[in-house]
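Each chain, letter by letter, is given below.
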Amino acid sequence: MIRVEVVLAWPERVESRLLELGEGATVAEAVAAAGIEGSADCPAVAVHGVLAKAEQQLHDGDRVELLRPLVADPKDNRRRRARER
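What comes next is a walk through the structure. Source: prediction; values computed, not measured. (Residues numbered from 1 in each chain as written. Predicted model: local features only at pLDDT ≥ 70, side-chain atom pairs only at ≥ 80, totals over all residues. Heavy atoms only, no water.)

1. As for the sheet that holds strand S1 (residues 2–9)
What counts is decided by this rule: Strand pairing requires that DSSP identify at least two bridges connecting the strands. Every helix listed is a DSSP run of H or I at least four residues long, and every strand listed is a run of E at least two residues long, numbered separately from the N terminus. Here an axis means a line fitted to C-alpha atoms, over the contact stretch when the element is a helix, while the angle between two N-to-C directions is reported on a 0 to 180 degree scale. Residue contacts are defined here by distance: any two heavy atoms, one from each residue, within 4.5 Å place the two residues in contact.
Strand order in the open sheet formed by five strands is S2-S1-S5-S3-S4, and the pairing between neighbours is mixed. Taken across any chain shown, the strands that pair with only one partner, and hence form the sheet edges, are strand S2 (14–21) and strand S4 (50–52). Strand-to-strand twist of the sheet, defined as the mean angle between neighbouring strand axes without regard to direction, takes the value 30°. Taken together, the four bridges between strand S3 (residues 44–47) and strand S5 (residues 63–67) define a ladder with antiparallel strand orientation. Bridge pairing in S5 links Ala 46 to Glu 65. Against the sheet, helix H1 (residues 27–34) touches S1, S2, S3, S4 and S5, its axis set at about 115° to S2.

Take a look at the structure:
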């Protein structure tokens, strides 16, 4: 068995689930087992901050991070701030 954490963060709160999964469990299996509301709306997943594919195998102690869609384009925000100076 391996222990992994699945996390989904919003600006005002964080949901986290600690799971015990069988050896060879994948990112997709961990996300499904966590059952965090809103996880279906997440366009990407990372393991310890590095983008991961659904079929990637997990290891003991991994942290699976559900990445929410961007609200604003960071490049547009930088351009706007540069114009304001």
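2. Looking at unusual backbone geometry
Despite not being glycine, His 48 has its phi angle at roughly 55°, a positive value. Checked against the element boundaries, His 48 lands in the loop between S3 and S4.

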